[in-house]
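Remarks on the overall topology
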Amino acid sequence: MESQRARVEYVFSDDLPDGEVIVPVRTKAGAWIFPVRRGEMTQRMLDGLNAVAAHIVGVGLVQISDNEKPPEGDQKE
């Protein structure tokens, strides 16, 4: 069985809801994309976040699951 590589990526976007700086978006393929409003962080910071995301996903510290149910204890009452 072939393992699929998870994907997490930060990108600049000019199309965020008013008042939002960063909005997590889960794609149909199960990746997480984090659009960030331009001007709220530098390119260097965005590149750093992408490097950290690639590392923690690449070494298995974070796994992306298809399970949409939040972990127990994280559910709002």
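Residues numbered from 1 in each chain as written. Predicted model: local features only at pLDDT ≥ 70, side-chain atom pairs only at ≥ 80, totals over all residues. Heavy atoms only, no water.

Observations concerning the sheet that holds strand β3 (residues 32–37)
Basically, it comes down to this: In this scheme, strands are said to pair when DSSP sees at least two bridges between them. In this text, helices come from DSSP runs of H or I with a minimum length of four residues, and strands from runs of E with a minimum of two, each type numbered from the N-terminal end. Residues are treated as being in contact if the distance between any of their heavy atoms lies within 4.5 Å. Structural elements are reduced to axes, namely lines fitted to C-alpha atoms, with helices fitted over the stretch in contact, and the angle between N-to-C directions of any two is expressed from 0 to 180 degrees.
Here we have three strands laid out as an open sheet, ordered β1-β3-β2, and mixed in their pairing. Each edge of the sheet is formed by a strand with only one pairing partner; in this case those strands are β1 (8–13) and β2 (25–26). By the bridge criterion, two bridges tie β2 to β3 in an arrangement that is antiparallel. Note that in β3 the partner of Arg26 across the bridge is Trp32. Relative to the sheet, helix α1 (residues 43–58) contacts β1 and β3, its axis offset from that of β1 by approximately 160 degrees.

A look at the nonpolar core
Quick reminder of the rule: Joining through side-chain atoms within 4.5 Å is the link that ties buried Ala, Val, Leu, Ile, Met, Phe, Trp, Tyr and Cys residues into a set, and such a set is a nonpolar core. Between buried and exposed lies partly exposed: a residue is buried under 20% and exposed over 50% of the maximum accessible area for its type, with that area taken using a 1.4 Å probe on protein chains only.
Counting residues in hydrophobic clusters, the biggest one holds seven residues: Tyr10, Phe12, Phe34, Val36, Met41, Leu46 and Ala53. Not counting the four nearest positions on each side in its chain, Phe34 is found in contact with Val8, Glu9, Tyr10, Val11, Ile22, Val23 and Pro24.

Re the environment of Asp47
Within the element layout of this structure, Asp47 appears in helix α1. For the pair Asp47 and Val11, spaced 36 residues apart in sequence, the C-alpha separation works out to 9.1 Å.

Observations concerning the packing of aromatic side chains
One pair of aromatic rings is described through two measures. These are the centre distance and the angle between the planes. Definition in use: Two rings from Phe, Tyr or Trp (for Trp, the six-membered ring) form a pair when their centres are within 6.5 Å of each other. A pair whose planes differ by under 30 degrees is stacked, one over 60 is edge-to-face, and the rest are tilted.
For the structure on display, the rule yields two aromatic pairs. Judged by centre distance (4.8 Å) and plane angle (20 degrees), the rings of Tyr10 and Phe34 are stacked. One end of the pair, Tyr10, is in strand β1; the other, Phe34, is in strand β3, with 24 residues separating them in the sequence. Using a relative accessible area of 17% as the deciding quantity, one classes Tyr10 as buried. Phe34 sits in the buried class, given a relative accessible area of 18%. Linked through ring pairs, Tyr10, Trp32 and Phe34 together constitute an aromatic cluster.

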